[in-house]
Amino acid sequence: MNDIVFEVLKMPRTYPEFPIPSVSAIIIKGKKILLVKRKNEPGKGLWSIPGGVIKPGEDIISALKRECLEETNLICEPICLFDVFQLIIKDEQGIKYHYIIFDFLVEAEGEAKAGSDAEAVQWFDIGEVLNAKLTRTTRKIIEEVLKIWKEEEKIICKQRPPLILFEIELSS
């Protein structure tokens, strides 16, 4: 198991050997949704749902809270797991990016401001957000959010976040 963790630690984000597990925080207040302008690839300069990579040994909820704070300066608490998406970007050399993204609906407190991986943060009207220059994954997630929003004018989650987390340590 330690060999696997070591390999993941040194695995590059471009042309990875395995999909990279990631989290994102869907933050909605009233009729607005918070997005970050990406500072790095993939999607540099485009608007995205805040989030990032789960570090080896980090549980999924801790990663969600850390990424939310790092990118938006907000303290986030998960309400539910909204969906799981996959981002695969290929080029002539092969699979350039491959992320598995756990998208959580979260409650957030604090004043939003751009952090380490974000050029900017901005609240968008939920009815106008699809007019922004969005990453492809963000567009898909928001389209799913809007399907529910149009019916309910709020987001209703089907699943709870994983509240019981455990680790299994294998020893030789």
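Everything below is about the structure shown above.
The notes below deal with the structure included here. Predicted, not measured: the structure shown is a model, and the values here were computed from it. Throughout this document, residue positions are counted from 1 along each chain, in the order its sequence is written. Since the coordinates come from a predicted model, pLDDT governs what is reported: local features require at least 70, and pairs of side-chain atoms require 80 or more to be given and counted, while whole-chain, interface and lining totals use all residues. Working from all heavy atoms in the structure, the side-chain values ignore hydrogens and water.

### Digging into the pattern of salt bridges
Then, in step 1: Whenever Lys or Arg places a side-chain nitrogen within 4 Å of a carboxyl oxygen from Asp or Glu, that contact is recorded as a salt bridge. If you walk through the whole model with that rule in mind, you get six salt bridges.
Then, in step 2: For K65, the salt bridge is made with E77, and the minimal N-O distance between the two is 3.1 Å. Placement of K65 in helix α2 (residues 60–72) and of E77 in strand β5 (residues 75–91) is noted, with a sequence separation of twelve residues between them.
Then, in step 3: Owing to a relative accessible area of 40%, E77 belongs among the partly exposed residues under this scheme.
Then, in step 4: The closest approach of N and O atoms between K147 and E144, which form a salt bridge, is 2.9 Å. Of this pair, K147 and E144 both sit in helix α3 (residues 136–152), separated by three residues, roughly a single helical turn.
Then, in step 5: Taken together, the shared-partner salt bridges connect E58, R66, E67 and E70 into one network. Working definition: helices are DSSP H or I runs of at least four residues, strands are E runs of at least two. Numbering for both runs from the N terminus. Here's how the labels work: a residue is buried when its accessible area is under 20% of the maximum for its type, exposed when over 50%, partly exposed in between, all with a 1.4 Å probe on protein chains only.

### Brief notes about the packing of aromatic side chains
Then, in step 1: Ring pairs are drawn from Phe, Tyr and Trp, using the six-membered ring of Trp, whenever the two centres fall within 6.5 Å, and their geometry is named by plane angle: stacked under 30 degrees, edge-to-face over 60, tilted for the rest. Going through the model one piece at a time under the given rule, you end up with two aromatic pairs.
Then, in step 2: Aromatic pair W47 and F124: ring centres 5.1 Å apart, planes at 75°, arrangement edge-to-face. Taken together, the residues span a long stretch of sequence, with W47 in strand β3 (residues 47–48) and F124 in strand β7 (residues 118–125) at a distance of 77 residues.
Then, in step 3: An angle of 20° between the planes, with centres 6.4 Å apart, marks the rings of Y97 and Y99 as stacked. One exposure class covers both Y97 and Y99, and it is buried.

These values are about where atoms sit, not about what they do.
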